[in-house]
Amino acid sequence: MLKEKDTVERGLVQRVERGWILHNLGKVLRDGPLYLVESSKGKTVYVVDLDRDTCTCKDWRRRRDTCKHIFSAVIFNAKS
Ligand SMILES: [Zn+2]
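No experiment lies behind these values; they were computed from the predicted model shown.

A. Broad picture of helix α3 (residues 68–79). In this model, α3 (twelve residues) spans 16 Å end to end at C-alpha, consistent with the 16 Å of a helix rising 1.5 Å per residue. When we look at burial in α3, the residues that qualify are His69, Ile70, Phe71, Ser72, Ala73, Ile75 and Phe76.

B. A look at unusual backbone geometry. Unlike most non-glycine residues, Asp53 shows phi in positive territory, near 60°. Tracing the backbone through its elements, the reader meets Asp53 in the loop between β3 (45–49) and β4 (54–55). Taking the relative accessible area as the measure of exposure, Asp53 reaches 42% and is therefore partly exposed. One non-glycine residue, Arg64, lies in the positive phi region at around 55°. Within the secondary structure, Arg64 sits in the loop between α2 (58–63) and α3. In this structure Arg64 comes out as exposed when scored by relative accessible area, which is 57%.

C. The arrangement of the coordination of the zinc ion in detail. For the zinc ion, the protein coordination sphere consists of Cys55 (SG), Cys57 (SG), Cys67 (SG) and His69 (ND1), at 2.1 to 2.3 Å. Around the zinc ion sit four donor atoms, and with donor-metal-donor angles ranging over 103 to 114° the site reads as tetrahedral. Mapped onto the sequence, the donors of the zinc ion take the spacing C-x1-C-x9-C-x1-H. For the pair shown, Cys55 and Cys57 are each scored as buried.

Rules and cut-offs
Residues numbered from 1 in each chain as written. Predicted model: local features only at pLDDT ≥ 70, side-chain atom pairs only at ≥ 80, totals over all residues. Heavy atoms only, no water. Helix = DSSP H or I, 4+ residues; strand = E, 2+ residues; numbered from the N terminus. Expected span 1.5 Å × (residues − 1). Buried < 20%, exposed > 50% of the residue type's maximum accessible area, 1.4 Å probe, protein only. Donors = N, O, S within 2.8 Å, 3.2 Å for Na, K, Ca; no water. Tetrahedral: all angles 85-135°; square planar, octahedral: opposite > 155°, others 65-115°.

Structure follows, in structure tokens:
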């Protein structure tokens, strides 16, 4: 149980860190109510809706939980 919680928290910390990296690389753009977040390799753009807490990436679809793109949009929002 404790191990499981540790793993969950480590995953969360990693996603926040990756969200910061995406933000610092200038990968986040605002488009009206939505945020467009480019993948780190720049090949894909994911659409984040902060009002609904959704993202179009595979990670979000799989887990239905906050992904690095959502974190990057939250950071972008807080900084601008
Ligand atoms: Zn995502």
